Amino acid sequence: MDKAIITAAITGAVHIPSLSPHLPITPRQIADEAIRAYEAGAAVAHIHVRNPETGQPSSDLELYREIARRVKSKCSIVLCLTTGGALGMPVSDRAKVLSLKPELASFNFGSLNFGIFGMTGKIDSYKYPWEEPYLKMTEDLIFPNTFKTLREFCQLFTESNTKQEIEIYDVGMINNLAFMLQQGHLKKPVYLQFVMGILGGIPATPNNLMYLYQTAHEQIGDFTWSVCAAGRFQIKMCTMSLLMGGNARVGLEDSLYVEKGVLAKSNAEQVEKIVKIARELGVEPATPDEARLILGLKGLDKVGY
Ligand code: KMH
Ligand code: ZN
């Protein structure tokens, strides 16, 4: 039976609370959303944290620890902690999560413009004073991941024995990966997350996904891969990934909607939708332990939380 790893990106650091009342903010809300995503068929939950009072993206390790421990006490889902953190967050703050020695963590493989300022047009009134400046600053923001940063993160991933989920926002980042592999800073097998539809990265189109996939094959050889896409492109691009034998990431980090004009009430709603599509395609969602085998993860007994 074909298996696919479904990831739920629970809250992220792109969307703001004023855009949806369903965006989880507190550690309890984020943990419970991850547990419900597991029950809906997700094998991996991708975790960012936010200030519990204001929803502002945060790098507070205690928030990560509280979420990770609650989730671990309730289910076996794989936690993929973010090293992308939040826009404008110092690299040193972004790297802190690796001290929790997670099984899996995101690893952004290049620098790019990351424009979310366009969302200001969708909001009449803001719940919190940090929201509008956070969106507007991205008009003049570069999400920095220099070769020095990549080399230093490679070292930190090795030290925490954490598997990299390599975030690829554009073709040039596949070449970055080929170079860092050739330099021996990381080893195969690699797990790629094609991140599509971010303003500053590759547009979310079928041709572009084929282009990323073929370029990665030419430059990297074999690899395990997944796709996530922003907003209205989410389900279409995830479906194409499943058709091509890839894996899929959904979740409120990438889209706040479950269908055109309908806000998703939970991450689980999006997981249920992509699991239903997968089953129609004859693909079964992988369990967390099957995902551990496929990705070669160290196991929940080896985490630092
Ligand atoms: N926010 C997504 C566009 C990360 O957390 O390191 C990609 C992402 C990166 O999830
Ligand atoms: Zn993320």
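Residues numbered from 1 in each chain as written. Chains lettered and ligands numbered in written order. Predicted model: local features only at pLDDT ≥ 70, side-chain atom pairs only at ≥ 80, totals over all residues. Heavy atoms only, no water.

### Things to note about the site of ligand 1
Around ligand 1, the neighbouring residues are His46, His48, Thr82, Gly84, Ser106, Asn108, Phe114, Tyr169, Val195, Ile198, Arg249 and Glu253. In this structure, an oxygen atom belonging to ligand 1 sits 3.2 Å away from a main-chain N or O atom of glycine 84. Take serine 106: an N or O atom from its side chain is 2.6 Å from an oxygen atom of ligand 1. For ligand 1, the protein covers 95% of the area, taking 300 Å² as the surface of the free molecule. Of the residues in the shell around ligand 1, the class split is four nonpolar, six polar and two charged. (Near = heavy atom within 4 Å. Polar contact = N/O pair within 3.5 Å; in protein donor to acceptor, adjacent residues only side chain to side chain. Areas by Shrake-Rupley, 256 points an atom, 1.4 Å probe, with all protein chains shown as cover. Nonpolar A, V, L, I, M, F, W, Y, C, P; charged D, E, K, R; others polar.)

### Here's the deal with the coordination of the zinc ion (ligand 2)
For the zinc ion (ligand 2), the protein coordination sphere consists of His46 (NE2), His48 (NE2) and Glu253 (OE), at 2.1 Å. Taken in chain order, the donor set of the zinc ion (ligand 2) reads H-x1-H-x204-E. Of this pair, histidine 48 sits in the loop between β3 (44-47) and β4 (49-50) while glutamate 253 sits in the loop between β13 (247-250) and β14 (257-259), and the two are 205 residues apart along the sequence. The pair formed by histidine 48 and glutamate 253 is uniform in burial state, with each residue classed as buried. (Donors = N, O, S within 2.8 Å, 3.2 Å for Na, K, Ca; no water. Helix = DSSP H or I, 4+ residues; strand = E, 2+ residues; numbered from the N terminus. Buried < 20%, exposed > 50% of the residue type's maximum accessible area, 1.4 Å probe, protein only.)

### Overview of the pairing of β3
In the case of a regular strand, side chains alternate between the two sheet surfaces. Burial of β3 is two-sided: the residues Val44 and His46 facing one way and the residues Ala45 and Ile47 facing the other way are all buried. Where strand β2 (residues 6-9) and β3 come together, three bridges link them in parallel fashion. For alanine 9, the partnering residue across the bridge sits in β3 and is histidine 46. You can see the chain leave β2, run along helix α1 (residues 27-40) and come back into β3, and the turn it takes is right-handed. By the bridge criterion, four bridges tie β3 to strand β6 (residues 78-81) in an arrangement that is parallel. Residue pairing in the sheet places alanine 45 in a bridge with leucine 79 of β6. (Pairing = 2+ DSSP bridges. Right-handed = clockwise from strand over helix to strand, strands pointing away.)

### Some points on α1
Residues separated by three or four positions in an α-helix point in the same direction, a consequence of the helix having 3.6 residues per turn. Here α1 is 14 residues long and its end C-alpha atoms lie 20 Å apart, about the 20 Å a rise of 1.5 Å per residue gives. If you check which residues of α1 are buried, you get Pro27, Ile30, Ala31, Glu33, Ala34, Ile35, Ala37 and Ala40. Elements that come into contact with the buried residues of α1 comprise β2, β3, β4, α2 (61-74) and α9 (267-280). Glycine 41, located one to two residues past α1, shows a positive phi value of around 125°. (Expected span 1.5 Å × (residues − 1). Contact = heavy atoms within 4.5 Å.)

### Examining the side chain of threonine 83
Inspection of the secondary structure puts threonine 83 in the loop between β6 and α3 (91-95). Take threonine 83: its relative accessible area is 0%, and that puts it in the buried class. Reaching out from threonine 83, the side chain makes a polar contact with the backbone oxygen of serine 106 at a distance of 2.5 Å. Once you skip the residues sitting within four places of it in the chain, threonine 83 turns out to touch Arg94, Val97, Leu98, Ala105, Ser106, Phe107, Asn108, Phe153 and Phe157.

### Notes on the nonpolar core
Side chains of a nonpolar character, in soluble globular proteins, are inclined to be buried together. Formed by 100 residues in total, the largest nonpolar core has its most connected members in Ile47, Phe109 and Phe194. Counting residues in hydrophobic clusters, the runner-up holds eleven residues, among them Ala43, Val78, Tyr191 and Ala291. (Core = buried A, V, L, I, M, F, W, Y, C linked by side-chain atoms within 4.5 Å.)

### Looking at the sheet that holds β13
Pairing in this closed barrel of eight strands is parallel, and the strands run β2-β3-β6-β7-β10-β11-β12-β13 around the ring. In this sheet, neighbouring strand axes are inclined to one another by 25° on average, regardless of whether the strands run parallel or antiparallel. Bridging between strand β10 (residues 163-168) and strand β11 (residues 191-196) involves four bridges; their strand directions are parallel. Bridge pairing links glutamate 167 to glutamine 193 in β11. Contacting β7 (104-108) and β10, helix α5 (residues 147-159) runs over the sheet at an angle of about 170° to β7. (Axes fitted to C-alpha atoms, helices over the stretch in contact; angles between N-to-C directions.)

### Some details on unusual backbone geometry
With omega at 0°, the peptide bond leading from lysine 188 into proline 189 counts as cis. Counting through the fold element by element, proline 189 comes out in the loop between α6 (172-182) and β11. Although it is not a glycine, lysine 101 adopts a positive phi angle of roughly 50°. On the basis of relative accessible area, lysine 101 is assigned to the partly exposed category, the value being 37%. Unlike most non-glycine residues, asparagine 161 shows phi in positive territory, near 50°.

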